[in-house]
Amino acid sequence: MRRLPQYAALVAYIVFLAFPLLWLLSTALKTPQEMALTEPTWIPREPTLANFTDAFGEQDLVGAALRSLIVALFSSVITVLISLPASYAMARYRSLLNRVALGWVLVSQVFPFILIIIPLFMILREMDLVNTLPGLVAVHVTFTLPFALWMLQGYVRAVPPELEEAAAVDGASRLRSIVSVVAPLLAPGVVATLLFAFISSWNEFMFALVILQNPDVMTLPLTLVRFTGPEGVARLGPLAAASLMATIPSLIFFAIIQRRLKSGLMAGAVKG
Amino acid sequence: MTATVTRPAPPRRPRAKRRHVSRQTREMWLLMLPALVPVLLFSVGPLLYGIGLAFTDARNTRVHETSFVGLENFTDLLADGDFWASFRIGAIWAVSVTALQFLAALGLAVLLNQNLRFRGVARVLAVVPWAMPPVVIGLMWKLVYHPDAGILNDLLGTDVNWLADFSLALPAIIVVGVWTGMPQTTVVLLAGLQNVPKELYEAGEMDGAGRWRRFWNITLPQLRPVIVAITSLDFVWNINQFGLVYVLTQGGPGGQTRLPMLFAYEEAFRYRFAGYASMLGLAMAIVVLAVLGLYLWRQMRENR
């Protein structure tokens, strides 16, 4: 019983962290009639999946989800394709570039986005890329790149250079040894980086808000924000359902990397 | 910051390869090129361009002759009451969210570091906000705060339109900010806690130090570098926050939650004063760098 205050504190944290999530879930499962009640209920009286099917029935939402998917796929694949050779260079050749790249990761955190987005918007307008998905892909690639590079070069470092030297002795060219020796060993790192880039793009809101102003090309986060009109509570159910579905890719990502997260960051508890 | 396991760098190649240096350098640049082009074109370039724009009267329209105006934007900024209001809100937001995030995360990390039941549940929950798209977090809290269909009024027995109330909107979004940013902070602090050598606690216990004394004289000083790093990062992220608050209130009611970035966004994309908004961004960057520099400098000096 000595631990009572600690348990009380832990419960308070759990409640604070969980209650908005439960409320989102509860709202997603309610009928419009129940939403309109003056006394909100925690547990839906007649839980229904109608909100989810309604969300799928919304032309805007489905189209936006597809566009988000396309943007995220292209962004992640392009990010990995261009950061693979660069990360190899960073890991294998010692140079200033390493430090410059890390410096850039930090600088891009400190500088407010407004300082970049205004000229970026003007540049994209000159290139006729405003209101287009390729424009957004270019921006997502650029801003995922520093971190993706950093992730990948860690994986490249973990591949012993002796393997490449052995391949070179067997007469393989540098390119050949990269393609058939290093690349296969990098597979887990590539998958992790792909997922990271995919999620960053799928979740991204700020750049999309500025670059995509035409509702016909908006991505999912933008469409979700525009979804609640002035009609009041009627559309809150489908909005909650769609929000939950929009979270699924991130949840999958975190479920996959959770092991790593645990062993890398949250571990040690077992060690003692 | 992260504890990724990296092997030591590969051994340097023998000096005899010196002759190939130029070929190696060429190879390196060739490999870097695909990554350099987008970074220079869409990131470094715009940043420099943006700093330049701050000294012009650029408008965000196709037809406008831009001319150099020197520090005019800056003097306008200093005389702009709306900017100072926004700046004050931004300062309150960033300082209180960072401080509350830190205190809440430290408490949670200490709890998670003990052998308590339900610890697993709390651990999973503590990571969930991290996994959610910021827009969904904003929408979720809008549902919680909703005046009619929201749960908060029902729980507290109140009848308040939280996000539209002049005095309550800012505290309401600060709560959301704390909820959103707690996971990273908790995970980092927990990792720090687990690296505190057990021997120190044993020694402390032998010397008869109580729980509080041990926390105050062992845990906190040992955690110090981690605390400095994560609070600095949190501060920068919070002062530059945009998406979450845009979704929650769009800066309303009456500008009560208009953080500097929302103010700059409106100036640039609603009123199309690109030059003025760039100066605002530049001024914020300088303020952030100054605050950060002062904080880190003081911490390092005290550390000696």
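Calculation criteria
Residues numbered from 1 in each chain as written. Chains lettered and ligands numbered in written order. Predicted model: local features only at pLDDT ≥ 70, side-chain atom pairs only at ≥ 80, totals over all residues. Heavy atoms only, no water. UniProt positions renumbered as here; feature names shortened; annotations may be inferred. Helix = DSSP H or I, 4+ residues; strand = E, 2+ residues; numbered from the N terminus. Rg over C-alpha atoms; globule rule 2.2 N^0.38 Å. Buried < 20%, exposed > 50% of the residue type's maximum accessible area, 1.4 Å probe, protein only. Contact = heavy atoms within 4.5 Å. Areas by Shrake-Rupley, 256 points an atom, 1.4 Å probe, with all protein chains shown as cover. Lys, Arg positive; Asp, Glu negative; His and termini not counted. Charge placed at Lys NZ, Arg CZ, Asp CG, Glu CD. pLDDT = per-residue confidence, 0-100. Domains from an automatic or database assignment. Buried area = accessible area lost by both parts, 1.4 Å probe. Salt bridge = Lys/Arg side-chain N within 4 Å of Asp/Glu carboxyl O. Polar contact = N/O pair within 3.5 Å; in protein donor to acceptor, adjacent residues only side chain to side chain. Phe/Tyr/Trp six-rings, centres within 6.5 Å; stacked < 30°, edge-to-face > 60°. Lys NZ or Arg CZ within 6 Å of the ring centre and 35° of its normal.

The name that an unreviewed UniProt entry assigns to chain B is Sugar ABC transporter permease, with the source organism given as Nonomuraea deserti. Under the UniProt heading Subcellular location (unreviewed entry), the note attached to chain B is "Cell membrane". Under the heading Sequence similarities (unreviewed entry), UniProt records this for chain B: "Belongs to the binding-protein-dependent transport system permease family."

In the annotation of an unreviewed UniProt entry, the entry for chain A reads Carbohydrate ABC transporter permease, and the organism field reads Nonomuraea deserti. Under the Sequence similarities (unreviewed entry) heading, UniProt states for chain A: "Belongs to the binding-protein-dependent transport system permease family." Of the comments in the UniProt record for chain A, the one headed Subcellular location (unreviewed entry) reads "Cell membrane".

Explanation requested: the overall build of chain A in the structure shown.
Counting its secondary structure elements, chain A contains 13 helices and zero strands. Going from the N terminus to the C terminus, chain A shows its helices and strands as α-α-α-α-α-α-α-α-α-α-α-α-α. Against the compact-globule benchmark of 19 Å for 272 residues, chain A has a radius of gyration of 23 Å, which places it well outside the compact range. Here the C-alpha coordinates of chain A stretch approximately 75 × 65 × 35 Å along the principal axes. Counting across all 272 residues of chain A, residues that qualify as buried make up 53%. Of the contacts formed within chain A by residues at least 6 apart in sequence, a portion of 71% connects residues at least 24 apart. With an accessible surface of roughly 12,600 Å², chain A has 69% of that area assigned to carbon and sulfur atoms. Put simply, chain A has 18 plus and 15 minus side-chain charges, and the middle of one group is 15 Å from the middle of the other.

Even after reading the chapter, I still don't get the confidence of the model for chain A, so can you show me in this structure?
Predicted coordinates in areas of low pLDDT are best not read in detail. Taken over all residues, the pLDDT of chain A has a mean of 83, while the share at 70 or more is 90%. Confidence over residues 262-272 of chain A falls short of pLDDT 50; this stretch has 20 contacts with residues more than four positions distant or in other chains.

Help me understand the domain arrangement of chain A in this model?
Quite often, the size of an interface is put as the accessible area lost when its parts meet. Residues and elements named next belong to chain A. Each assigned domain of chain A is listed with its residue range as follows: domain 1 (1-48) and domain 2 (62-266). Relative placement of domain 1 and domain 2: their C-alpha centres are 34 Å apart. Contact with domain 1, which involves six residues of that partner, is made by seven residues of domain 2. Three residues stand out in domain 1 for area buried against domain 2, namely L24, A28 and M35, and they jointly supply 68% of the buried area on that side. Taken together, domain 1 and domain 2 are joined by zero salt bridges. Put simply, domain 1 and domain 2 have zero residue pairs in polar contact (both at pLDDT 80 or more) between them.

Looking at this model, I keep getting lost on the packing of aromatic side chains. Mind explaining?
For any pair of aromatic rings, geometry is given as the distance between the ring centres together with the angle between the planes. All names here are of chain B. Evaluated as defined, the whole model comprises 19 aromatic pairs over all chains. Here the aromatic rings of W141 and Y145 are separated by 5.7 Å at their centres, their planes lie at 45°, and the arrangement is tilted. Remark: Y145 and W141 occur in helix α5 (residues 134-145); sequence separation between them is four residues, near one turn of the helix. Relative accessible area serves as the criterion here: at 4%, Y145 is assigned to the buried category. Measuring from ring centre to ring centre gives 5.8 Å for Y246 and Y265, while their planes differ by 85°; the resulting arrangement is edge-to-face. On the criterion of sequence distance, the pair formed by Y246 in helix α10 (residues 243-248) and Y265 in helix α11 (residues 260-269) is long-range, its members being 19 residues apart. Taking the relative accessible area as the measure of exposure, Y265 reaches 13% and is therefore buried. Here R301 stacks its cationic end above the ring of W297, 4.7 Å away from the centre of that ring.

It is not clear to me how the UniProt feature "transmembrane region" (unreviewed entry) in chain B should be interpreted in this structure. Could you clarify?
All names here are of chain B. Residues annotated in UniProt with the feature "transmembrane region" (unreviewed entry) correspond here to residues 28-51, 91-112, 124-146, 166-193, 214-237 and 273-297. Taken end to end, residues 166-193 is 89% helix and 0% strand, and its two terminal C-alpha atoms sit 40 Å from one another. As a span, residues 214-237 carries 100% helix and 0% strand, and end to end its C-alpha atoms are 32 Å apart.

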